[in-house]
Amino acid sequence: MASKLMPLLAVCAAALSGSCASTAQYGQPFRPQLSFSPARNWMNDPNGLVYHDGEYHLFYQYNPNGDTWGDMSWGHAVSTDLLRWEELPLALPVEKNAEGEVTQMFFSGSAVVDHANVSGLGEPGKPAMVALYTAVFPQELVLNDRTFKAGTQSQSLVYSLDRGRSWRQYAANPVIVQPPTPYAAEYRDFRDPKVFWYEPERKWVMALVLPNLHKALFYSSRNLRDWEYMSEFGPMGATGGIWECPDLFELPVDGDPGKRKWVLLMSLNPGGPAGGSGMQYFVGDFDGSSFKSAQDGVQWLDHGADFYAGVTWNGAPDGRRLLVGWMNNWLYGQQVPTSPWRSAQSVPRELALRTIDGQARLVQRPLAEFTRLRSAQLVNVPAQKAEGTVKAAGDVFEIELRLQPGSAVRSGIRVHGQTEIGYDREQGVLYLDRSRAGQGGFHPQFAARHAARVALRDGQLPLRLLVDRGSVTVFAGDGEVVLTDQVFPAGQGMSLFGEGGDARVHDFKVWSIQSIWEKAR
Ligand code: FRU
């Protein structure tokens, strides 16, 4: 009896915390097969992205008790290849008092590994994984002899000596009680610390935001416990909504290690390019204390409706800059027709800077390892007219092609029956049209077409598409234009189209993709 029970117990160890990840739980309609979603319940921002000891950690904003936002806790998943994820028990569960009232929620934040033990929180042979997060106290609370008014947001520290499996509160929390003067008294909203190591001055730097003022703030620390305010950035660029979830990092331009620029990612809600939540970025310089950008206009990180709160991994091997974002939108996110979970994270993306029209621009591509998931190649056509049904059974694909719009007014490819990815010649835009793509009635602004200006190269547009059960992601050109949209399709079927003229496709390839929830073949 005992021997029969044991393996079951082991598989479902996480069930105790409300999440038990077995393959059988990932077969529902619209369940993402290409990227992480929790087995059950609500998820939003990725948090605490850090690589340590062979594992990529993905923590995330999670409601362990429901499928809409609430009881904010940090969920936890790990991966050794950034493709297949294992959901672990809750990392930082919401805290409640004896009456069941919430006393602390764990909002977004980041994690680092303190190899040099500057924090003094590690033990010999056990470096501390240190996470800085926004502690939200929904009601008045006395902590370490200080009174926190209801609704206060402060920055707190937790640490783990067992690779993120269990966490301890730092005794002197919060480490940053309130925003710096002159904002201290007035601004309760103060959140989303992203910490990283700044090698030239051998110190830790933290970016965080005053959301309503459209400002990023920068702090520094030698020991991860005591933080000193350095500078602020903003408002600049898009300010049609609050600023959230900043990230700051350096990248070579055009692959030249001698030519480097800094990138500040900033989420914006609402006011995004497709309505509701969106992400912009600034390219500039960071001198260890302040970030400056001379950028004109707004650079959108993603032109679709479903890429938000994106941040990058700390400590990824080989200096890779890997980004993951929440594939949802605050506009309708709590109403999307999925069950028993709500929201997925994106497929991780690799970031680089490339000079385009004389400016350093962010370019993105799906994680290089993603091609390992390709299984059967269903289509391989050197060139053909853009018309007709494509023989490709299934609902999870990767597609590559170069679209030559020619004289066609609109041309491109339809997936899942009616989700259209095309080029509109009159407007000079690449678009993703999900308006006829299945379920969309749950919110008046869901059924829509999202578009971005894009330049053809020699009359052609290189496209790479990730088609999942509940989303489509389009990378165009060198990855300077990306569109991510959720879709809840009613049908299947792939076809090419060219309307009002002749369009062609070149090097048209379709692969079926192995689910990340299946064992590696
Ligand atoms: C962004 C955000 C963050 C906050 C978290 C709360 O989506 O609003 O600013 O920390 O979600 O869940």
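The structure under discussion appears in the preceding block.
Everything quoted here is computed from the prediction, not taken from an experiment.

Draft legend 1. Broad picture of the side chain of Thr103. When you line up the elements, Thr103 lands in strand E6 (residues 102-114). The class of Thr103 is buried, set by a relative accessible area of 19%.

Draft legend 2. Here's a closer look at the sheet that holds strand E15 (residues 228-233). Here four strands make up an open sheet; going across it, the order is E12-E13-E14-E15 and the pairing antiparallel. Each of the sheet's edge strands pairs with one partner strand only, and the pair in question is strand E12 (191-198) and E15. Each neighbouring strand pair of the sheet contributes to a mean axis angle of 25°, computed without reference to strand direction. Here five bridges tie strand E14 (residues 215-221) to E15, and the two strands are oriented antiparallel to one another. Pairing of Phe218 across the sheet is with Ser231, part of E15.

Draft legend 3. Layout of the site of the ligand. If you check the shell around the ligand, you find Asn44, Asp45, Gln61, Trp69, Met72, Phe107, Ser108, Arg191, Asp192, Glu244, Tyr308 and Trp330 and nothing else. Here an oxygen atom of the ligand sits 3.1 Å away from a polar atom, N or O, in the main chain of Ser108. One nitrogen or oxygen atom from the side chain of Glu244 is found 2.7 Å from an oxygen atom belonging to the ligand. Here the ligand has 320 Å² of accessible area as a free molecule, and 95% of this is covered by the chains. Split into classes, the residues belonging to the shell around the ligand amount to five nonpolar, three polar and four charged.

Draft legend 4. Region of the structure containing the layout of surface pockets. By volume, the largest pocket amounts to about 1,000 Å³. In this structure, the largest pocket is lined by 43 residues; those nearest its centre are Gly315, Ala316, Gly319, Arg320 and Arg321. At the level of secondary structure, the elements contributing two or more residues to the lining of the largest pocket comprise strand E1 (41-52), E6, E12, strand E16 (242-253), strand E17 (256-269), strand E24 (349-356) and strand E25 (359-366). The leading source of residues in the lining of the largest pocket is E16, at six residues. Of the residues belonging to the lining of the largest pocket, the class tally is 22 nonpolar, six polar and 15 charged.

Draft legend 5. Fine view of the side chain of Gln155. Residue placement: Gln155 occurs in strand E10 (residues 152-160). Overall, Gln155 belongs to the buried group, its relative accessible area being 0%. Every residue in contact with Gln155, bar those within four places of it in the chain, is listed here: Tyr133, Thr134, Pro174, Val175, Ile176, Phe190, Arg191, Asp192, Pro193 and Leu208.

Draft legend 6. How the structure looks around the sheet that holds strand E34 (residues 471-476). Strand order across the open sheet formed by six strands is E26-E37-E28-E33-E34-E35, with antiparallel pairing between neighbours. Bordering the open sheet on either side are strand E26 (374-385) and strand E35 (481-486), each of which pairs with just one other strand. The average angle at which neighbouring strand axes cross in this sheet is 10°, direction not considered. Two strands pair when backbone bridges link them, and E26 and strand E37 (residues 504-513) are joined in this way by eight bridges, in the antiparallel orientation. When the sheet's bridge partners are listed, Val381 is paired in E37 with Phe508.

About the thresholds
Residues numbered from 1 in each chain as written. Predicted model: local features only at pLDDT ≥ 70, side-chain atom pairs only at ≥ 80, totals over all residues. Heavy atoms only, no water. Helix = DSSP H or I, 4+ residues; strand = E, 2+ residues; numbered from the N terminus. Buried < 20%, exposed > 50% of the residue type's maximum accessible area, 1.4 Å probe, protein only. Pairing = 2+ DSSP bridges. Axes fitted to C-alpha atoms, helices over the stretch in contact; angles between N-to-C directions. Near = heavy atom within 4 Å. Polar contact = N/O pair within 3.5 Å; in protein donor to acceptor, adjacent residues only side chain to side chain. Areas by Shrake-Rupley, 256 points an atom, 1.4 Å probe, with all protein chains shown as cover. Nonpolar A, V, L, I, M, F, W, Y, C, P; charged D, E, K, R; others polar. 1 Å grid on protein atoms, 1.4 Å probe; cavity = no way out; pocket = protein on both sides within 12 Å on 5 of 7 lines; lining within 4 Å. Points joined across faces, edges and corners; volume = space filled by probe spheres on them. Contact = heavy atoms within 4.5 Å.

These values are about where atoms sit, not about what they do.
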